[in-house]
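Here's the letter readout for the chains.
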2 protein chains.
Amino acid sequence: MSTSVDADFSAESTAPASIGVTRGPIEGSTKHYLEHHGLRIPQRRVHLTNGEHLDLYDTSGPYTDENADLDLHAGLPPTRQTWRRPDPVDGAATQLAWARAGVITDEMAFVAVREGCDVELVRSEVAAGRAVIPANRCHPESEPMIIGKAFGVKINANIGNSAVTSSIAEEVEKMVWATRWGADTIMDLSTGKDIHLTREWIVRNSPVPVGTVPIYQALEKVGGDPTALTWELYRDTVIEQAEQGVDYMTVHAGVLRAHIPLTARRVTGIVSRGGAIMASWCMAHRTESFLYTHFAELCEIFARYDITFSLGDGLRPGSIADANDAAQFAELRTLGELTAIAKSHGVQVMIEGPGHVPMHKIVENVRLEEELCDEAPFYTLGPLATDIAPAYDHITSAIGAAMIAQAGTAMLCYVTPKEHLGLPNRDDVKTGVIAYKIAAHAADLAKGHPRAQQRDDALSKARFEFRWTDQFNLSLDPDTAREFHDETLPAEPAKTAHFCSMCGPKFCSMRISADVRAAAVDLTLEAP
Amino acid sequence: MSTSVDADFSAESTAPASIGVTRGPIEGSTKHYLEHHGLRIPQRRVHLTNGEHLDLYDTSGPYTDENADLDLHAGLPPTRQTWRRPDPVDGAATQLAWARAGVITDEMAFVAVREGCDVELVRSEVAAGRAVIPANRCHPESEPMIIGKAFGVKINANIGNSAVTSSIAEEVEKMVWATRWGADTIMDLSTGKDIHLTREWIVRNSPVPVGTVPIYQALEKVGGDPTALTWELYRDTVIEQAEQGVDYMTVHAGVLRAHIPLTARRVTGIVSRGGAIMASWCMAHRTESFLYTHFAELCEIFARYDITFSLGDGLRPGSIADANDAAQFAELRTLGELTAIAKSHGVQVMIEGPGHVPMHKIVENVRLEEELCDEAPFYTLGPLATDIAPAYDHITSAIGAAMIAQAGTAMLCYVTPKEHLGLPNRDDVKTGVIAYKIAAHAADLAKGHPRAQQRDDALSKARFEFRWTDQFNLSLDPDTAREFHDETLPAEPAKTAHFCSMCGPKFCSMRISADVRAAAVDLTLEAP
């Protein structure tokens, strides 16, 4: 069996016929760079009508920089290629190994400026395994970012085609589109044809870390028959993806043979694709998962590229009924074992979490994950707080996501309105990203993140002062905010009008309130 | 000054030229009635393809009953006119007075069947003031419902026109539309012309309790000048609305003169319209709010009709920065005083709550409300967990709403995507209602409501068994779930296909999982 590489990235003949992505700054903003010892850290600068500005964390890469000269066929500039590259420590050329050795890498320095924190916090959190910086050396185009509970909560957007729908061009645009609206990482979950080529286009053009689930491609290589999988084929697939520059990989090594019977009485069995594949393999071969038995070898590969493990929750609950059950927590215990092994190889680790969990069972997930997995960053899919709203699962899951992030989850995997129903299109990707930016930001506020409330305060001040344009431009989605406003009051003067369509011109609580404030200040001064 | 009644409801000449509302059952369901001692309690029966069915709480009234003979000009049948009407107790003809006297009213009996609980629980919770049954005797068309933390979490949908937009016909359709998707009550917040007539159309045709904010209409009567308001004009407006059948009224009687200076340094001042109006009045007249000084008289009126107080939070925070501040909690303390006065008159009371609150400050709101207001049902607007997402505030607030309901809030006032930007249209109303059904249901699950998980389990079982049609029909919005699915797999056979567009036909985790389950059961049986 060979590793089937569909085509060379540079081969004209197999490149997408036409490819175009969204360019230009978000309304009201410009790209701004912080210079730091030769590093250029991007920010989004929102320009306000009162002459002030607010600088925001920016995930969108050069696509929102009007001055950037981009060529999708060539990929983004490989900026990190010129950065300092310390020697490996005990065979590991990883941020974890360097952090433990007291080395401050350029990636750590970049991240510290980006987060607005001391670089020693970055180094020490990475060294402790409480944070990861997913940065495969073969993905020099990426702008480093950090995932850990001491930092801003991050979000991931899944993209990728399937056997049924979508093209490479669409997926590249989804990547650009997702990062434009705030995705901190993207996962390419393609399962159809052209997996390799699709991924090549995405990685070369992605300013954010790219994650994959290598078992999906491995399965394609054996014609979709899980029982035909082998360790060797899987390993070769991992190396193929490692060479391409994949920054983190979901590995469902915690699905042990002994766990499978624990799922037998579930309402929704095993809903993770990777989990189902590995369970199927274990049962067919009546032996332990090759991902588990070969885990140390996998660590050696990951250590060479600095690929971060995202230890998959193959037995995550797929329904409220199955939340926090024996199967889920048995696997989590195994993920704890694997975390220790990975760290002993100097490999960075994060832990994937559910899924579908009612609100009162959410905090236990974080508590157990931290206890069993030595506080490795938790990376959860939602969770959905109820099963009853297909077509609105970006909302059911934003509720769970906000709560689990407040409790300590470091990165949230978005859910789009199409979850359970179909593959997300471009609009769905945006809706999912915005819903998750809301959840992440709500958690940042609740955790007292030092910068978070600045944006709320700036927007609310603009709202109170009837600076409509500023209110739009400070929001997560200026285009839609403006569009909704203009549906009822389209005339341009309304942008500065001291009223809106809810109450009309002669009856506005905000205006009355401004009058009240003026008078109340007098009252305060008058009071004894 | 006279109470301006725009037109008689029955006058042909002033009726909307054309009026039509959405009729017919929700996809996959039929109307079903439980018969109980002469009462007919509506349910929505979802018919499954496996021959089973699930009965759901139904707020939609006769509009979803194929056999109902409806005439919008005549209004719904005044069913409650024929129900037993016990004698007043100490002048109060209210559910509270009767509950305290040990009387089980038809309304209580109806509610108990509807909630699936013992009628004694209903009576005792109402008697304790921990629950309310808003049911003005002049609104005999309504189907009684209960608001209290011992029961299912309820949601309210705000509708109403303004000086800028909307017609009566649109508002009646919004009411029908909102209740179709699950609104338990509606509030008519009209502020423009034709306030009286709009409300008449809504009340006569509403199967759910109708709430209002009488100060809005009072302000219209004085040409929009808050300082021209008088107690007498306000009182007459309340009586006018009481006679029409308004079931609960928001009264901002807790905005005291002494509280106003506490808002002076806020980021967003006073954002409640009612609060701003009363603050403006107090300052202009340099005297205490007439709502506060005449509160006992108001109680006497409310007691005659059994109108429920919704004590307004006129000083609720309008931004994250202002959450849980001195102004907000000073008013809450006053609302506690007023609660005691209202209850001493036998009048039912609920307490309105914020607004904009970061997640870590949510629970304190419930704790204080229960402590200060003797556990009167809490009725909150969201709260929005962040300020930064105008156009998505149904999501920012669904997060806060789910959490505050889990903590004990009895009813959630929805927020639509148009919040802060414009008046909601029909689509926005639906989006807001669905987002809030999600929040309410998530809270019911978290609180362990005995019936809540039935629906999740039924839907998840359908999902696992590839009963696509059942999955759609059991969802909060079958139409949209089906539409999303059909975007990628439109062919009818796909509705029973054992795969979907996410993975494609040859690679489905659910199918693999079914195989695993079959085998795993064997493993379990084989295991020692």
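Note that the coordinates shown come from a computational prediction; the quantities given were computed from them, not determined experimentally. Residue positions are given per chain, counted from 1 along the sequence in the order it is written. As a convention, the first chain written is A and the first ligand written is 1, with the rest following in written order. Side-chain atom pairs in this predicted model are given and counted only at pLDDT of 80 or more, local residue features only at pLDDT of at least 70, and totals for whole chains, interfaces and linings cover all residues. Here the side-chain values reflect all heavy atoms present in the structure, with hydrogen atoms and water set aside.

## Regarding helix H6 (residues 214-221) of chain B
All names here are of chain B.
Right, on to step 1. With respect to burial, H6 is a largely interior element, seven of its eight residues being buried.
Right, on to step 2. For H6, every residue scored as buried is listed here: Pro214, Ile215, Tyr216, Gln217, Ala218, Leu219 and Lys221.
Right, on to step 3. Residue contacts are defined here by distance: any two heavy atoms, one from each residue, within 4.5 Å place the two residues in contact. Helix and strand labels come from DSSP, where a helix needs a run of H or I of at least four residues and a strand needs a run of E of at least two; each type is numbered from the N terminus. In the core, the buried residues of H6 are packed alongside helix H5 (195-205), strand E8 (210-212), helix H7 (231-244), strand E9 (248-251), helix H8 (273-285) and helix H9 (290-293).
Right, on to step 4. Just beyond H6, the residue with positive phi is glycine 223, at close to 70°. Buried means the residue's accessible area, taken with a 1.4 Å probe over protein chains only, is under 20% of the maximum for its type, while exposed means over 50%, and partly exposed covers the values in between.

## Focus on the sheet that holds strand E11 (residues 349-353) of chain A
Note on sheets: strands pair through backbone hydrogen bonds, and any given pair is parallel or antiparallel.
All names here are of chain A.
Right, on to step 1. Note: two strands are recorded as paired if DSSP finds a minimum of 2 bridges between them. An order of E6-E7-E8-E9-E10-E11-E12-E13 is seen for the eight strands of this closed barrel, with the pairing classed as parallel. Between one strand axis and the next, the sheet turns by 25° as a mean value, whatever way the strands run.
Right, on to step 2. In this sheet, strand E13 (residues 411-413) lies alongside strand E12 (residues 378-381) in parallel orientation, the contact comprising three bridges. When the sheet's bridge partners are listed, leucine 381 is paired in E13 with cysteine 413.
Right, on to step 3. Packing of helix H11 (residues 326-344) onto the sheet brings it into contact with strand E10 (308-311) and E11, and relative to E11 it is tilted by some 165°. Only C-alpha atoms enter the line fits that serve as axes; for helices the fit covers just the stretch in contact. Angles between N-to-C directions range over 0 to 180 degrees.

## Remarks on the sheet that holds strand E2 (residues 39-47) of chain A
Residues and elements named next belong to chain A.
Right, on to step 1. Taken in spatial order, the three strands line up as E1-E2-E3 in an open sheet, and their pairing is antiparallel. A single partner strand is all that each edge strand has here, and the edge strands are strand E1 (29-36) and strand E3 (53-57). Across the sheet, the mean angle from the axis of one strand to that of its neighbour is 40°, orientation sign disregarded.
Right, on to step 2. Pairing of E2 with E3, which is carried by five bridges, proceeds in the antiparallel orientation. Paired with valine 46 across the two strands is leucine 54, which belongs to E3.

## Points about the relation of the copies chain A and chain B
The second copy of the chain is related to the first by a rotation about an axis and a shift along the axis.
Right, on to step 1. Expressed as a screw transformation, the operator carrying chain A onto chain B has a rotation angle of 180° and an axial translation of 0.0 Å, and the superposed copies differ by an RMSD of 0.0 Å. Between the two chains, the operation in question is that of a two-fold axis. Rotation axis and chain A: the residue whose C-alpha lies nearest the axis is isoleucine 399 of chain A, separated from it by 2.3 Å.
Right, on to step 2. When you check the interface residues of chain A against chain B, 99% turn up at the interface there too, and the contact is symmetric in its surfaces. Here the copies were fitted onto each other by least squares, based on C-alpha atoms from residues at pLDDT of at least 70 in both.

## Some words on the interface of chain A and chain B
Right, on to step 1. Taken residue by residue, the interface counts 113 residues in chain A and 112 residues in chain B.
Right, on to step 2. Put simply, buried area is how much 1.4 Å-probe accessible surface two parts lose in total, over both of them, once they are put together. Carbon and sulfur atoms make up 70% of the surface buried where chain A meets chain B, a total of about 9100 Å² over both sides.
Right, on to step 3. The term salt bridge refers to a side-chain nitrogen of Lys or Arg lying within 4 Å of a carboxyl oxygen of Asp or Glu. Across the chain A-chain B interface, the total number found is two salt bridges.
Right, on to step 4. Among the ionic pairs, glutamate 487 of chain B bridges to lysine 418 of chain A, the shortest N-O distance being 2.8 Å.
Right, on to step 5. We call two N or O atoms a polar contact when they sit within 3.5 Å, provided that within protein one can donate a hydrogen and the other can accept it, with sequence-adjacent residues counted only if both atoms are side-chain atoms. Connecting chain A to chain B are 14 residue pairs in polar contact (both at pLDDT 80 or more).
Right, on to step 6. Elements represented by at least two residues in the side of chain A that touches chain B include exactly helix H6 (214-221), helix H8 (273-285), helix H13 (393-406), helix H14 (426-446), helix H15 (452-464), helix H16 (468-473), helix H17 (478-488) and helix H18 (509-526) of chain A.
Right, on to step 7. We call Asp, Glu, Lys and Arg charged. Ala, Val, Leu, Ile, Met, Phe, Trp, Tyr, Cys and Pro are nonpolar, and the rest, Gly among them, are polar. Split into classes, the residues belonging to the side of chain A that touches chain B amount to 60 nonpolar, 33 polar and 20 charged.

## Structural notes on the confidence of the model for chain A
Residues and elements named next belong to chain A.
Right, on to step 1. Summary of the metric used: pLDDT quantifies the predictor's per-residue confidence within the range 0 to 100. In this model, chain A carries a mean pLDDT of 91, and residues with pLDDT of at least 70 account for 89%.
Right, on to step 2. Confidence drops under a pLDDT of 50 for residues 1-14, and excluding neighbours within four residues, the segment shows 29 contacts in the predicted structure.
Right, on to step 3. A low-confidence stretch, residues 524-528 (pLDDT under 50), is modelled with four contacts involving residues beyond four sequence positions or located in other chains.
Right, on to step 4. The ipTM, which scores confidence in the relative placement of chains, is 0.94 for this predicted complex, and the corresponding pTM is 0.94.

## Details of the side chain of aspartate 387 of chain A
Right, on to step 1. Relative to the helices and strands, aspartate 387 of chain A is located in the loop between E12 and H13.
Right, on to step 2. Separated by 3.0 Å, the side chain of aspartate 387 of chain A and the backbone nitrogen of isoleucine 320 of chain A make a polar contact.
Right, on to step 3. Aspartate 387 of chain A has contacts with Ser319, Ile320 and His356 of chain A together with Asp456, Leu459, Ser460 and Arg463 of chain B, leaving out every residue within four places of it along the chain.

## Structural notes on the packing of H5 of chain B against H7 of chain B
If you want to describe how two helices pack, look at the angle between their axes and the distance between the axes.
Residues and elements named next belong to chain B.
Right, on to step 1. Axis separation between H5 and H7 bottoms out at 10 Å; the angle between their running directions is 30°. Of the possible angle classes, the one that applies to H5 and H7 is roughly parallel. In this structure, H5 crosses over H7, and the sense of that crossing is right-handed. Residues His196, Arg199, Glu200, Val203 and Arg204 of H5 form the contact with H7, whose participating residues are Glu240, Gln241 and Gln244. By the definition adopted for this analysis, an angle is roughly parallel if under 35 degrees, roughly antiparallel if over 145, roughly perpendicular if from 65 to 115, and oblique otherwise. Helix crossings get a hand from a simple test, with the near helix turned counterclockwise from the far one by less than a right angle marking a left-handed crossing and a clockwise turn marking a right-handed one.

## Quick look at the packing of H6 of chain A against helix H7 (residues 231-244) of chain A
All names here are of chain A.
Right, on to step 1. Where H6 contacts H7, the two axes come as close as 9 Å, and the packing angle between them is 120°. As far as their axial angle goes, H7 and H6 are oblique. In the crossing of H6 with H7, the sense of the turn from one axis to the other is right-handed. Across the interface between the two elements, Pro214, Ile215, Gln217, Ala218 and Lys221 from H6 touch Leu233, Tyr234, Thr237, Val238, Glu240 and Gln241 from H7.
Right, on to step 2. Its residues assigned to classes, the contact of H6 with H7 shows six nonpolar, three polar and two charged.

## Examining the pairing of strand E7 (residues 185-188) of chain B
All names here are of chain B.
Right, on to step 1. Burial of the side chains of E7 extends over both faces: Thr185 and Met187 are buried on one face and Ile186 and Asp188 on the other.
Right, on to step 2. Bridge count for E7 against E8 is three bridges, and the pairing is parallel. Bridging from a neighbouring strand, aspartate 188 pairs with threonine 212 of E8.
Right, on to step 3. Crossover handedness is defined by viewing with both strands directed away from the observer: a clockwise path from the first strand over the helix to the second marks the crossover as right-handed. Traced from E7 through H5 to E8, the parallel crossover comes out right-handed.

## Re the packing of aromatic side chains
All names here are of chain A.
Right, on to step 1. Pairing of aromatic side chains requires ring centres within 6.5 Å, counting the rings of Phe and Tyr and the six-membered ring of Trp. Pairs whose planes differ by under 30 degrees are stacked, by over 60 edge-to-face, and all others tilted. Scanning the model with the defined rule gives 18 aromatic pairs over all chains in all.
Right, on to step 2. Aromatic pair tyrosine 234 and phenylalanine 290: ring centres 5.9 Å apart, planes at 55°, arrangement tilted. With tyrosine 234 in helix H7 and phenylalanine 290 in helix H9 (residues 290-293), this pair connects stretches of sequence that are 56 residues apart.
Right, on to step 3. Ring geometry for phenylalanine 295 and phenylalanine 309: centres 4.7 Å apart, planes at 25°, overall stacked.

## Focus: the nonpolar core
Right, on to step 1. Phe309 of chain A together with Phe309 of chain B are the most contacted members of the largest nonpolar core, which has 268 residues in total.
Right, on to step 2. Setting aside chain neighbours within four positions, we find phenylalanine 309 of chain A in contact with Met249, Val251, Phe295, Leu298, Cys299, Phe302, Ala342, Val347, Gln348, Val349 and Met350 of chain A. Buried Ala, Val, Leu, Ile, Met, Phe, Trp, Tyr and Cys residues form a nonpolar core when they are joined through side-chain atoms within 4.5 Å.

## Observations concerning the side chain of arginine 316 of chain B
Right, on to step 1. By the secondary structure assignment, arginine 316 of chain B is in the loop between strand E10 (308-311) and helix H11 (326-344).
Right, on to step 2. Under the relative-accessibility criterion, arginine 316 of chain B is labelled buried at 17%.

## Some remarks on the pairing of strand E11 (residues 349-353) of chain B
Residue and element names in this part refer to chain B.
Right, on to step 1. For E11, the buried fraction is high: five of the five residues fall into the buried class.
Right, on to step 2. Along E11, one buried face is formed by Val349, Ile351 and Gly353 and the opposite face, lined by Met350 and Glu352, is buried too.
Right, on to step 3. The pairing of E10 with E11 spans three bridges and is parallel. From the neighbouring strand, leucine 311 faces E11, where its bridge partner is isoleucine 351.
Right, on to step 4. The handedness of the E10 to E11 crossover, carried by H11, is right-handed.
Right, on to step 5. Bridge count between E11 and strand E12 (residues 378-381): three bridges; the pairing is parallel. Note that in E12 the partner of glutamate 352 across the bridge is tyrosine 379.
Right, on to step 6. Once the chain exits E11 it traverses helix H12 (residues 362-372) before rejoining the sheet at E12, and the crossover so formed is right-handed.

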